[in-house]
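Coordinate inspection notes
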Amino acid sequence: MNILVTGANGQLGRELRRLSKGTGPDRWLFTDICELPGEDTTLLDITDADAVRLVTESERVSVIVNCAAYTDVEKAEDNPGEAFELNCRAAGNLACAAASLGATLIHISTDFIFPGTGNIPLREDAPTGPLNVYGSTKLQGEEAVLHSGCRAIILRTAWLYSPYGRNFVKSIRHITALRDSIEVVYDQTGSPTSASDLAQLIRHIIASGQLSKTGIYNFTDEGAVSRYDFACCIRDLSGNTCEVNPCLSSDYKSKARRPSYAVLDKSLVKRTFGFAVPDWQTSLREVISRLDSEPSAEGL
């Protein structure tokens, strides 16, 4: 099969690049709006419907994996139009192309589509209610994909991190190495997710011939933790001694509201695809180990 990956220079895209090397007869085509040094990248602006159609048709794409998104939650509040273009319109462009080709779209979504006001893990059919522009545009993206009529697998995830790009793990690792003390919110609870684990699920779905199992699925690593406790764990595994103090979300001046409880129920994805979900502590240790052994990744 010909598999097209969008947002290939981001966290999930780069983990898919890593996992795809030497993995059988399938051909992976990695796309983004700019090149990544040392990697083959096809330039593609997915907000351009004509460009999407041209590339997907000429490459005879069977599967599209949409890893691209406008993920800066704070900046989205000031740039709702840009967030909409990438999170909704682009998703619709890819979905329409998939429908036209009879291809399957694997689309990545987020826990931020939920209001996060409860205290039990959220199933796929839980009521949505985004609290910010990012969550709203990602929900609109899901709706655009479903409205297109294409074969689609929507994977909702949360608190994604990796050795690449900007993320909570790398930020806390860096800050706790420099400062004597920091404050981290303890009234936000979720499930950290290694981008490598999500990439492995995607590869598993494709390689095991389960693309026909369309629908919406939740996927994060197992377990739940507050931002504060997550930060303490990152500090300890990084060998830093910075004091981490708990604080309330209201103590921070942020433009975007965030869910206070956004733990996702993963029963459906495990049952449907037969995939063993790692616990977040194990995956965090693996990523910290990779950062320790590949210092150059810290700035990527």
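Going along each chain's sequence as written, the residues are numbered from 1 onward. The predicted nature of this model means local features are confined to residues of pLDDT at least 70 and side-chain atom pairs, given and counted, to a pLDDT of 80 or more, with totals for whole chains, interfaces and linings taken over all residues. Side-chain metrics in this entry use all non-hydrogen atoms of the structure; hydrogen atoms and water are not considered.

**Focus on the sheet that holds strand β11 (residues 215-218)**
- Strand pairing is defined by DSSP finding a minimum of two bridges between the two strands. By the criteria applied, helices consist of DSSP H or I runs no shorter than four residues and strands consist of E runs no shorter than two, each listed in order from the N terminus. The strand order across the open sheet formed by seven strands is β3-β2-β1-β4-β5-β6-β11, and the pairing between neighbours is parallel. Bordering the open sheet on either side are β3 (42-43) and β11, each of which pairs with just one other strand.
- Taken together, the two bridges between strand β2 (residues 27-32) and β3 define a ladder with parallel strand orientation. Residue pairing in the sheet places Asp32 in a bridge with Leu43 of β3.
- Any pair of residues with heavy atoms lying within 4.5 Å of one another is described as a contacting pair. Each axis is a line fitted through C-alpha atoms, taken for helices only over the stretch in contact, and angles between the N-to-C directions span 0 to 180 degrees. Sheet strands in contact with helix α5 (residues 133-148) are β5 (104-110), β6 (151-157) and β11, and its direction is about 160 degrees off that of β5.

**Describing the side chain of Gln188**
- One can find Gln188 in the loop between β8 (181-185) and β9 (189-190).
- A 3.5 Å cut-off defines polar contacts: any pair of N or O atoms within that distance qualifies, except that in protein one atom must be a possible hydrogen donor and the other a possible acceptor, and neighbouring residues in sequence count only when both atoms are side-chain atoms. A distance of 3.0 Å separates the side chain of Gln188 from the side chain of Ser249, its partner in a polar contact.
- Excluding residues that lie within four positions of it along the chain, Gln188 makes contacts with Trp159, Val225, Ser226, Arg227, Ser249, Arg258, Pro259 and Ser260.

**Some details on the packing of aromatic side chains**
- Centres within 6.5 Å make a pair out of two Phe, Tyr or Trp rings, where for Trp the six-membered ring is used; the pair is then stacked when the planes are under 30 degrees apart, edge-to-face when over 60, and tilted otherwise. Counted by the stated rule, this structure contains eight aromatic pairs.
- Residues Phe219 and Phe275 carry aromatic rings whose centres are separated by 5.9 Å and whose planes lie at 65 degrees to one another, so their mutual orientation is edge-to-face. Remark: Phe275 occurs in the loop between α9 (267-273) and α10 (280-293) and Phe219 occurs in the loop between β11 and β12 (225-226); sequence separation between them is 56 residues. Pair check on accessibility: Phe219 and Phe275 agree, each one buried.
- Members of the aromatic cluster, connected to one another through ring pairs, are Trp159, Tyr161, Phe168, Phe230 and Trp280.
- The rule for a charge over a ring is simple: NZ of Lys or CZ of Arg within 6 Å of the ring centre, and within 35 degrees of the ring normal. Residue placement shows Arg227 over the ring face of Trp159; its charged tip is 3.9 Å from the ring centre.
- Lying across the ring of Phe168, Arg227 places its NZ or CZ 4.8 Å from the centre. Only protein chains enter the accessibility calculation, which uses a 1.4 Å probe; a residue is then buried when its area is under 20% of its type maximum, exposed when over 50%, and partly exposed in between.

**Concerning the pairing of β6**
- In terms of residue burial, β6 counts as a mostly covered element, since six of its seven residues are buried.
- Here β5 pairs with β6 via seven bridges, running parallel. Each residue of the ladder has a partner; that of Leu105, found in β6, is Ala152.
- When β6 meets β11, the two strands line up parallel, connected through four bridges. Bridged to Ile153 within β11 is Gly215.

**Re unusual backbone geometry**
- Unusually for a residue other than glycine, Arg60 sits at a positive phi of about 50 degrees.
- Relative to the helices and strands, Arg60 is located in the loop between α2 (49-58) and β4 (63-66).
- Assessed through its relative accessible area of 68%, Arg60 is described here as exposed.
- The phi dihedral of Trp159 is positive, around 45 degrees, even though this residue is not glycine.
- Examined against the element boundaries, Trp159 turns out to sit in the loop between β6 and β7 (160-161).

Nothing here speaks to function; it is all geometry.
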